[in-house]
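# A closer look at the structure
As a plain string of letters, each chain reads:
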Amino acid sequence: MSNRMWGGRFAEGPDAIMEEINASIDYDRKLYRQDIAGSKAHVRMLAAQQIVTAEDAAKIADGLDTILSEIEEGKFTFSRALEDIHMNIEARLAELIGPTAGRLHTGRSRNDQVATDFRLWVRDTLDTLDQQLSELMQALAEKAEIHAADVMPGFTHLQSAQPVTFGHHLLAYVEMFARDRSRVRDARARMNESPLGAAALAGTSFPIDRKATAEALGFDRPTANSLDAVSDRDFVIEALAASSICAVHLSRFAEEIVIWCSAQFGFIKLSDKFSTGSSIMPQKKNPDAAELIRAKTGRIFGSLQGLLVVMKGLPLAYSKDMQEDKEQAFDGLSSISLALAAMTGMVKDLEPNTKVLKKAAGSGYSTATDLADWLVRVLGMPFRDAHHVTGRIVGIAVERNCELHKVPLEAMQEVDATITEEVFSVLSVDKSVRSRVSYGGTAPVNVRKQARRWLKELARG
Ligand code: ARG
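Reading guide: rules and limits
- Residues numbered from 1 in each chain as written.
- Predicted model: local features only at pLDDT ≥ 70, side-chain atom pairs only at ≥ 80, totals over all residues.
- Heavy atoms only, no water.
- UniProt positions renumbered as here; feature names shortened; annotations may be inferred.
- Helix = DSSP H or I, 4+ residues; strand = E, 2+ residues; numbered from the N terminus.
- Polar contact = N/O pair within 3.5 Å; in protein donor to acceptor, adjacent residues only side chain to side chain.
- Contact = heavy atoms within 4.5 Å.
- Near = heavy atom within 4 Å.
- Areas by Shrake-Rupley, 256 points an atom, 1.4 Å probe, with all protein chains shown as cover.
- Nonpolar A, V, L, I, M, F, W, Y, C, P; charged D, E, K, R; others polar.
- Patch = residues over 30% accessible without salt bridge, like charges linked within 9 Å, V, L, I, M, F, W, Y side chains within 5 Å.
- Salt bridge = Lys/Arg side-chain N within 4 Å of Asp/Glu carboxyl O.
- Core = buried A, V, L, I, M, F, W, Y, C linked by side-chain atoms within 4.5 Å.
- Buried < 20%, exposed > 50% of the residue type's maximum accessible area, 1.4 Å probe, protein only.
- Axes fitted to C-alpha atoms, helices over the stretch in contact; angles between N-to-C directions.
- Parallel < 35°, antiparallel > 145°, perpendicular 65-115°, else oblique.
- Left-handed = near helix turned anticlockwise from the far one by under 90°.
- Pairing = 2+ DSSP bridges.

Going by an unreviewed UniProt entry, the protein chain carries the name Argininosuccinate lyase and comes from Roseibium limicola. Under Catalytic activity (unreviewed entry), UniProt gives the following word-for-word description of the protein chain: "2-(N(omega)-L-arginino)succinate = fumarate + L-arginine". Per UniProt, the protein chain carries the Pathway (unreviewed entry) text "Amino-acid biosynthesis; L-arginine biosynthesis; L-arginine from L-ornithine and carbamoyl phosphate: step 3/3."

Below, the structure is given as structure tokens:
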């Protein structure tokens, strides 16, 4: 049997393999709600423009409502032979209301229909990501305020560099997620134009009102060029690009969590809720959630890359290649959403081992820069000389196998005779962080202020 929707010029039905490669219903059924909303807005507009009668429009809208509940109650039978969500719904509409169903597709094509459905879906997803990012930032800022003064080692090259506070470290991620959030919001603002009414590619001769359908569906305006409207997938590429950058941040944090909760570091405790055990090694508590967040990055980057490749070099306007946009986007965007939810749960529950952090903060000669700064500030040495003198004192500490503050004054004075007892006042980690009051620095007063600023801003929405 040839296809009811487009089979007019066909004598034969499709080969089984053709049906398999062509059908998208297995995944685009996800768009049923958006498809029905788009169709209702369209038919209402057709009636308002007197392109269909009010009576037919009401019949169609009622039929669509019935279909919506059928799908939501799991009573709808999806058919591969009907290719996609659009034709599945329209075919069912014909079963329910008869030939009137055929009037719905006036002045519209599946090309603008799918572009509309997908935009609506991506828009909802961006709104969810926006909310999820805000929840993650909130969890981080709350922890940061509590631990504004708890010192930990700050690293470069994963080697102890200078002490920082745990709160400061968490707030670094708040900054990253805030940028991610603003990218999500930008993408949403840019994509919020309605392709509905662009029809196949050239617009339509029917006196449709694209502004009305745009408004009914919550779009800011209709797209200005019909060719662009049906061939553009920037909106989903941009959503995946924003997600990919966010995934970079999530994976860096996930990696730190994996390192921090290892027995060798012991910086944090993860809750049982976000860990798993081993079937053979009874002592194990593994940070699987963090590892999976780190790994989801692969899928998210993959879906961005996949879609970029699908779109690259496609001539205008619509080509069936574009049907391959959905699975990739569904996978990438649901992965980022799950990763954000898991990270938020983990952050809420994790507890720093403040004693371990403090001890680690003092090891590895982490206050060497404080010593050099003291030589500059108190003895008036040029920084480069101070750097050299400090390096020699660190050398003594290495030789004696002791921390910097345990190097005797006499030994320091052998390097520079003018060093006094007062130097020990800057060699503690607490003093070190407290002195870092420059804007954006790790001093607890700064951290507390920043944490409160974020919490206030997040409460505003
Ligand atoms: N299932 C199709 C898609 O997802 C709908 C659009 C079909 N348009 C067409 N000209 N064949 O892209």
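## Let's talk about the side chain of Asp416
Note that Asp416 resides in the loop between helix H16 (409-415) and helix H17 (429-435). Polar contacts involving the side chain of Asp416 include one to the side chain of Thr418, which spans 2.4 Å. Excluding residues that lie within four positions of it along the chain, Asp416 makes contacts with Leu379, Met381 and Val389.

## What to know about the site of the ligand
Every residue near the ligand is listed here: Ser24, Asp84, His86, Arg110, Asn111, Val114, Tyr318, Gln323 and Lys326. Residue Asn111 places a side-chain N or O atom 2.8 Å away from a nitrogen atom belonging to the ligand. Taken by itself the ligand offers 340 Å² of open surface, and the protein chains cover 86% of this. Classifying every residue of the shell around the ligand by side-chain character gives two nonpolar, four polar and three charged.

## Observations regarding a nonpolar patch on the surface
Taken together, the side chains of Leu201, Leu227 and Leu316 define a hydrophobic patch exposed on the protein surface, amounting to about 270 Å² of accessible area. As for its position among the elements, Leu316 is in the loop between helix H11 (288-311) and helix H12 (325-349).

## Some details on the nonpolar core
In this structure, Leu250 and Met343 are the most contacted members of the largest nonpolar core, which totals 94 residues. Considering every element that reaches this core, the biggest residue donor is helix H10 (residues 234-260), with 14 residues. Beyond its immediate stretch of four places on either side in the chain, Met343 contacts Leu136, Leu250, Phe253, Ala254, Ile257 and Ile293. In terms of nonpolar packing, the next biggest core, distinct from the first, is built from 23 residues, Trp374, Leu404, Leu409 and Ala411 among them.

## Points about the packing of helix H6 (residues 110-146) against helix H18 (residues 444-460)
Contact geometry for H6 and H18: axes closest at 9 Å, N-to-C directions at 150°. In terms of orientation, H6 and H18 fall into the roughly antiparallel class. Note on packing geometry: the crossing formed by H6 with H18 is left-handed. Along its contact with H6, which presents Ser134, Met137, Gln138, Ala141, Glu142, Ala144 and Glu145, the element H18 presents Val447, Arg448, Ala451, Arg452, Trp454, Leu455 and Leu458. Here the residues of the contact of H6 with H18 are counted per class, giving eight nonpolar, two polar and four charged.

## Remarks on the pairing of strand E2 (residues 159-165)
Examined bridge by bridge, strand E1 (residues 151-156) and E2 share six bridges and lie antiparallel to one another. Along E2, the bridge assignment pairs Thr156 with Gln159. Between E1 and the antiparallel strand that follows it, E2, lie two residues; His157 among them carries a positive phi value of about 55°.

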